[in-house]
Amino acid sequence: MRGREFIMKDAYSFHADEASLAAGYAAMKQAYTRMFERMGLNFRAVQADTGAIGGNASEEFQVLADSGEDAIAVCDGDGFAANVELAPALAPLQPRPAATCAMSEVPTPDTRTIAELGALLDVPATQCLKTLLVNGSDGGVVALLLRGDHELNAVKAQKLPAVASPLRMASAAQVQAISGCEPGFLGPVGLNCPIIADHAALALADFVCGANRRDAHLTGVNWARDLPAPPAADLRNVVDGDPSPSGQGRLRIVRGIEVGHIFQLGRKYSEALKATVLDESGKSVTMLMGCYGIGVTRIVAAAIEQNHDERGIIWPD
């Protein structure tokens, strides 16, 4: 959506206290909402990660369109909306099933992906466990465990104290040194490094995972019996049908085009710049900041994505 020319409306606000920042942020959010409503756009204000800009909180204004580059989790039941990178994936409410199978090693020649493993052993991806090695904050590596049909959420993972930020996958040499095998056959049984499991991965019983040996996997693996249950964390992207964080309804994933973004920056930049001001009592305080942007030219493209037919553009009034 970005060409060589990218015109942006950019604004900043400066405040003496938290209450003033919250009021200024709310006023700008309301103004943005009125703008996009007057433009006739179907949009959502969604919770978003602050990213490299930093700060305490941020929201994106996303124009809903199938061609959008961003995935958004929404729930019509409670009005929840968040970028997928930020949407929490709740732990399953159902207790973990009891073990019914014995753990055994099976040959899986040249079977490195969940899809290949499922086809070979005739098991669904939901019954498989994938092990990802990433760089740790202490210079070592950390194993992240996910259910086979789920995707790692890099933003969530790199916020964990044990994981290096930005997130970096371990090299093939690191994988070999830790597990004794090449990537594709990793598993948590006997793995000698810190392990963190997604909530959904810890809900599995009789699951399939890598055996830490080339061309081999383990079946019938169970927590507590075959390996200790590791610490749990929210590591994954939400998917269609996941419960809303409020518990009121289910999430659905839609696509969006970001046309605006607002941030509560707090004191991140003003402290670095020693930007102070005298308050009403004459005391020197470090200013709080807000940041607000609209992609002016991007709105034009987003409006066209929502308003056209087989003959071309239908401009909103």
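Structure shown above.
Presented here is an overview of the structure given in this document. Keep in mind the model is a prediction, meaning the values are calculated, not measured.

## Remarks on the overall build of the protein
Okay, step 1: For the protein, the helix and strand inventory stands at seven helices and 18 strands.
Okay, step 2: Structurally, the protein occupies a C-alpha span of about 70 × 60 × 40 Å along its principal axes.
Okay, step 3: For the protein, the proportion of its 317 residues judged to be buried stands at 44%.
Okay, step 4: Relative to all contacts within the protein whose residues are 6 or more apart in sequence, the contacts with residues 24 or more apart total 68%.
Okay, step 5: Of the roughly 16,000 Å² of accessible surface on the protein, a fraction of 54% belongs to carbon and sulfur atoms.
Okay, step 6: The centroid of the 27 positive side-chain charges in the protein is displaced by 3 Å from the centroid of its 37 negative side-chain charges.

## Observations regarding the environment of L129
Okay, step 1: If you trace the backbone, L129 turns up in strand β7 (residues 129-135).
Okay, step 2: Considered as a pair, L129 and D149 are 20 residues apart in the sequence and their alpha carbons are 8.7 Å apart.
Okay, step 3: Sequence-distant contacts of L129, that is, excluding residues within four places in its chain, are made with I114, L145, L146, G148, P188, A201, L204, F207, V208, C209 and W223.

## Let's talk about the sheet that holds strand β8 (residues 141-147)
Okay, step 1: Reading across from one edge, β7-β8-β9-β12 is the order of the four strands in this open sheet, with mixed pairing throughout. If you trace the sheet from one side to the other, it starts and ends with β7 and β12 (232-233), each paired once.

## Let's talk about the pairing of strand β11 (residues 216-221)
Okay, step 1: Of all six residues in β11, six are buried; the element is thus mostly enclosed.
Okay, step 2: Two elements, strand β6 (residues 104-107) and β11, share four bridges in a ladder whose sense is antiparallel. Across the sheet, S104 pairs through a bridge with T219, a residue of β11.
Okay, step 3: Bridge count for strand β10 (residues 207-210) against β11 is three bridges, and the pairing is antiparallel. Opposite F207, over in β11, you have V221 as the bridge partner.
Okay, step 4: In sequence, β10 turns back onto β11 through a hairpin of five residues, with N212 there showing a positive phi of about 60°.

## Side note on the nonpolar core
Okay, step 1: By size, the foremost hydrophobic cluster in this structure holds 23 residues, and its most contacted members are L129, L133, L191, F207 and W223.
Okay, step 2: Elements with a minimum of two residues in this core: β7, β8, β9 (195-198), α5 (199-202), β10 and β11.
Okay, step 3: Apart from residues no more than four positions distant in its own chain, W223 is found in contact with R96, L129, L145, A201, L202, L204, F207, P228, A229 and P230.
Okay, step 4: A11, Y25, F36 and A303 belong to the second largest nonpolar core, which has 17 residues in total.

## Some points on the side chain of Q62
Okay, step 1: Among the secondary structure elements, Q62 is positioned in strand β3 (residues 57-64).
Okay, step 2: Of the polar contacts made by the side chain of Q62, one reaches the backbone nitrogen of E258; its length is 3.1 Å.
Okay, step 3: Ignoring anything within four residues of it in the chain, the contact list for Q62 reads N42, F43, R44, V46, D70, I72, N83, G256, I257 and E258.

Cut-offs and rules
Residues numbered from 1 in each chain as written. Predicted model: local features only at pLDDT ≥ 70, side-chain atom pairs only at ≥ 80, totals over all residues. Heavy atoms only, no water. Helix = DSSP H or I, 4+ residues; strand = E, 2+ residues; numbered from the N terminus. Buried < 20%, exposed > 50% of the residue type's maximum accessible area, 1.4 Å probe, protein only. Contact = heavy atoms within 4.5 Å. Areas by Shrake-Rupley, 256 points an atom, 1.4 Å probe, with all protein chains shown as cover. Lys, Arg positive; Asp, Glu negative; His and termini not counted. Charge placed at Lys NZ, Arg CZ, Asp CG, Glu CD. Pairing = 2+ DSSP bridges. Core = buried A, V, L, I, M, F, W, Y, C linked by side-chain atoms within 4.5 Å. Polar contact = N/O pair within 3.5 Å; in protein donor to acceptor, adjacent residues only side chain to side chain.

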